[in-house]
There are 4 protein chains.
Amino acid sequence: MLEKLRKEVWKVNISLLKCGLVTMHSGNASGRDFQTGYITIKPSGVDYETLKPENLVIVNQNGEIIEGALTPSVDMPIHLYLYKNLPEIGGIIHTHSNYATSFAALGMSIPAYLTAIADEFGSLIPCTRYASNEGDEIGKAILEVKNESPAVLIKNHGVFTLDNSPEKALKAAVMLEDIAKTLHLALLKGEPDILPPEEVKKWWDRYHSWYGQR
Amino acid sequence: MLEKLRKEVWKVNISLLKCGLVTMHSGNASGRDFQTGYITIKPSGVDYETLKPENLVIVNQNGEIIEGALTPSVDMPIHLYLYKNLPEIGGIIHTHSNYATSFAALGMSIPAYLTAIADEFGSLIPCTRYASNEGDEIGKAILEVKNESPAVLIKNHGVFTLDNSPEKALKAAVMLEDIAKTLHLALLKGEPDILPPEEVKKWWDRYHSWYGQR
Amino acid sequence: MLEKLRKEVWKVNISLLKCGLVTMHSGNASGRDFQTGYITIKPSGVDYETLKPENLVIVNQNGEIIEGALTPSVDMPIHLYLYKNLPEIGGIIHTHSNYATSFAALGMSIPAYLTAIADEFGSLIPCTRYASNEGDEIGKAILEVKNESPAVLIKNHGVFTLDNSPEKALKAAVMLEDIAKTLHLALLKGEPDILPPEEVKKWWDRYHSWYGQR
Amino acid sequence: MLEKLRKEVWKVNISLLKCGLVTMHSGNASGRDFQTGYITIKPSGVDYETLKPENLVIVNQNGEIIEGALTPSVDMPIHLYLYKNLPEIGGIIHTHSNYATSFAALGMSIPAYLTAIADEFGSLIPCTRYASNEGDEIGKAILEVKNESPAVLIKNHGVFTLDNSPEKALKAAVMLEDIAKTLHLALLKGEPDILPPEEVKKWWDRYHSWYGQR
C-alpha cells in the first residue's frame, strides 16, 4: 500500500518538471496513506531528473521519518498542517508555476472567467494574504480562504493544490497554470465577463457527472 | 474505410498534444465517414499519451455506439449537431488553446490583420455569444456566426475548427493558435491595419490555387 | 557542389521547425550556388518532419526546374527577384516567427535597443510598407528599405532574412526572433534607450573582428 | 582537478541551451580552479550541441592559453576581471535570457517581490548603468552595483551570474529567468508589494539553513 503511494507520489513529482510547473529544485508533491496516516513527500533540494521512487521520504503525522535516507522537503510542515486540518485531502502539491504565481504575486484571486474554470475549480480560485515562513502561518492562511477549488494562490509566493489524491492535485496544478495563462493573455486585452454562479454550477455538474470513464 | 478514418482521427488527436493545443485531458477531435455517416471521436477523459487507435469510439448520427468499449467525449453531441447541419464538414476539433482562447474569453473576433489569416481563414475569424452547455446551445451559437473561416471562437470557452477532413481541421487549429499568438503580441504594442477585402481575396486565391503539391 | 548546397538548404529548412520559427507548412529557405546561379529551395506545402534532401527543388535564375519532382515554394519568385538584385546574397529565409511578426504586423522597425542587435544586425532592422502578392511587389518593398541588417520585416506579413549563405540567414532568423522577444517584453514595461550609432559600431566591429573561430 | 572543472564547466555550458537561456552561439560559462587560479571557459562562437569537454579553453589569470586548441569566448576579459576582483567567485555565467534581459534593456533592477527572490537572491537584483565593450567597462559597472545577489543585470545588454561554483552560477541564471518571467507577467497586471527587509531575511535564512541535503 505504501509502495503504491510512493510510486504515485514519485510519478507526480517528476510530472511537475515534465509539465513545466517547476524549475531546478523548486516545488514538491506529497500523498497521504489514509490507513496509516503516513505522508510520502519529495526530499529537499534534489534534482527531479535523477529522483527515484526510493528517494521519497515517508513520515508519520508528526513528521518523524518512517522510511527514507534523505531529508524531507523544507515545506513538509505545511503539508502536515494541511493534512491534519483537511481529513479528506490525499495529495498536496506546491509550485511557483509562472502564470499562476503572477496572479499570486499581486494577491489576485481568479474569478470564473472561463468554462474550464467552472469545470475544474467550481468557483473563484482564492488568494491568501501574505504569510511568513514562521510556524503554521502559510497553512493557516490557506485555511482562511479554502473553498471548493482544489487550488489556492499564496500572495507574493506561489500555489498550493489539494485534492483527494496526488494525481488529482497534479491535474489541478496543471489546469491552474493553463487557465492562468489564458486569463493573463485575456486581461491584457480587456476584461472578460465573469460567468454567473448558475452557469458555473451547470459546467461543474456536467464535468463531475458525465466526464471521463466510469 | 472506417479503419482508415479511425487511424486518421487517432493521429489528429495525439497531434493536439504534440502541437501544444491541449493540456491533460482537454480537447477532442472527430472525423466523419461520408459513406456511412459514422463519426469517429476521442473517448472522454483519456490521456493523449496512452491513447491508442482502438480506443477511439465510432458512433452513428444519433450518437449510438457502433464500435468501441469506452464512453465517447462529453462534447460528442456538439460534434453530431455540427455534422448534421454542415454536410460538407468531415473533421471537427475542439480545444482551449491559450492564445486563441484569450480572444474567445473576451468575445473578440479576429479580423484579417495578417496575410497568414487571409491565406488560411479567408475572412474575419468570428466569435460566438456565450452559450451554455444545455441542449444544442453551443452548436447553434456556432452556426449563427459561421462564415468561410474553418475556425470559430466560443465566448468564455475556447475554439472549434471545422473542415472537410480531420487533418484540415488540425491545420486550422494549429494556424489559429499561431496567428492568435502573433496578434496578441502585436495588439499589446499597437493596432495593426486590417487588410482590405480585395487584398484578403488575393492571398486566399493564391493560397488555394497555387500552394502545395497537386 | 549542388549536392552540398542541397544538403545545407535541407538542413536549414528543417532547422526552421526545430528552432520554433515555423508552424505546419509555413516558411521556407533557399540557397544559391554562385557558380551556376542555380537556386535550391523548399517544395511547397510539405511537412518539415518528413522533408528529405532529395525533395528540395533546384531551379535556374528564371525559375525553371533543373532537378526535383516537386513543385517549388509558392514564394520562389520573391527569392529569385532578391537573388537577381542582390548579387552578394547566397541564402534567403522567410518565416512568420511570432515575436518578429508582431512588430511587422504593426509596420514597426526595430531600433538598436540592445547590444545583441548591434552585434548581429549592425543597425535598425527595417520594416517595409504593405506589399501585395502580385508581381515583384514584396521584393521591391524589401529593396526599398534594405540596409546592412540581414533581416527585413514585411508589414502585415512576416520576415525575410538574407545573408551570404543559408546558414547565416538561419542565424539571422533565429537571432531576430530572440531579440524581438526580449524587446517585446521590454516595451510592455517601458521604453529602452536606443544605443547611439557610435556605440552600435563598437559592438558590430568587435563581433565581426573578434567573434568566433578563425 | 582541472579535468573535473573542465567537465563541470562543459556541463554547465550545455545546460544553458537545455534550460533555454541561450540561442545559437550566445552566452558563455566559466569556472575557476582555486588552487592554480586557472579559468576554464567556453570557446567563441561554437555550437552548444556539438560542444565537447575537450573544446573548452583553459587560461591563466592573464588570459594566456594553458590548454585548448580553440579561441576562448570574446567575453573572456570580463570573466578575468571579475575573478581578479572577487576572490570568492568560482563560476561566472553570461546570458541574454529573454525575461531577465527585458528588465536589463530598461535598466530596471528587480526588487524582492517574491519569496523565491528572497530565497535565492537575498535582496534586490541590481542593474548596472550602460557599459561599452571597451577595456574593463562592463566588469567595473558590475562591481559598482554588486550586492549579495549572485545575479547582476547589465543595461541594454543582458545578465551575469557569479557564485562560488559554475553549478551555483547556473542555478542563479535559471532561477533569475524564472522569477523575471513571473514578475514580468505580474507587472503587466499591477504592482506587487515589495517584501520588507525583515521578511526577506527570514526566507533567505530558512533557505540557507534548512534547504537541501546536508
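Residues numbered from 1 in each chain as written. Chains lettered and ligands numbered in written order. Predicted model: local features only at pLDDT ≥ 70, side-chain atom pairs only at ≥ 80, totals over all residues. Heavy atoms only, no water.

Regarding the relation of the copies chain A and chain D
Two chain copies here: they are related by a rotation about an axis and a translation along the same axis. Structural alignment of chain A on chain D gives an RMSD of 0.0 Å, achieved by rotating through 90 degrees and translating 0.0 Å along the axis. The two molecules are tied by a four-fold rotation axis, judged by turn and shift. The C-alpha atom lying nearest the rotation axis in chain A is that of A:Leu188; the distance is 5.2 Å. (Least-squares fit on C-alpha atoms with pLDDT ≥ 70 in both.)

Here's the deal with the interface of chain A and chain D
Contact residues are listed per partner, giving 34 residues for chain A and 28 residues for chain D. Buried area between chain A and chain D, both sides added, is near 2,900 Å², and the carbon and sulfur share of it is 59%. Linking chain A with chain D are four salt bridges. Across the chain A-chain D interface, the total number found is 19 residue pairs in polar contact (both at pLDDT 80 or more). Elements with a minimum of two residues in the side of chain A that touches chain D: α3 (98–105) and α6 (166–187) of chain A. A breakdown of the residues in the side of chain A that touches chain D according to their chemical character gives 15 nonpolar, 15 polar and four charged. (Contact = heavy atoms within 4.5 Å. Buried area = accessible area lost by both parts, 1.4 Å probe. Salt bridge = Lys/Arg side-chain N within 4 Å of Asp/Glu carboxyl O. Polar contact = N/O pair within 3.5 Å; in protein donor to acceptor, adjacent residues only side chain to side chain. Helix = DSSP H or I, 4+ residues; strand = E, 2+ residues; numbered from the N terminus. Nonpolar A, V, L, I, M, F, W, Y, C, P; charged D, E, K, R; others polar.)

Points about the side chain of A:Thr128
Residue and element names in this part refer to chain A. Tracing the backbone through its elements, the reader meets Thr128 in the loop between α4 (115–121) and α5 (137–145). Overall, Thr128 belongs to the buried group, its relative accessible area being 4%. Separated by 3.3 Å, the side chain of Thr128 and the backbone nitrogen of Lys155 make a polar contact. Ignoring anything within four residues of it in the chain, the contact list for Thr128 reads Ala141, Ile142, Val145, Val152, Leu153, Ile154 and Lys155. (Buried < 20%, exposed > 50% of the residue type's maximum accessible area, 1.4 Å probe, protein only.)

Points about the confidence of the model for chain A
Across chain A, the average pLDDT comes to 96, with 100% of residues at or above 70. For this predicted complex, the interface score ipTM comes out at 0.96, while the overall pTM is 0.97. (pLDDT = per-residue confidence, 0-100.)

Side note on helix α6 (residues 166–187) of chain D
Along its 22 residues, α6(D) runs 31 Å from first to last C-alpha, staying within 8% of the 32 Å computed at 1.5 Å per residue. Extensive coverage of α6(D) is indicated by the burial of 18 of its 22 residues. (Expected span 1.5 Å × (residues − 1).)

Some remarks on the packing of helix α1 (residues 2–18) of chain A against α6(A)
All names here are of chain A. Direction vectors running N to C along α1 and α6 enclose 15 degrees, while the axes themselves pass 9 Å from each other. Relative to α6, the element α1 is oriented roughly parallel. Read as a crossing pair, α1 and α6 show a hand that is right-handed. Residue-level inspection shows Leu5, Glu8, Val9, Val12, Ser15 and Leu16 of α1 in contact with α6, the latter providing Pro166, Glu167 and Leu170. (Axes fitted to C-alpha atoms, helices over the stretch in contact; angles between N-to-C directions. Parallel < 35°, antiparallel > 145°, perpendicular 65-115°, else oblique. Left-handed = near helix turned anticlockwise from the far one by under 90°.)

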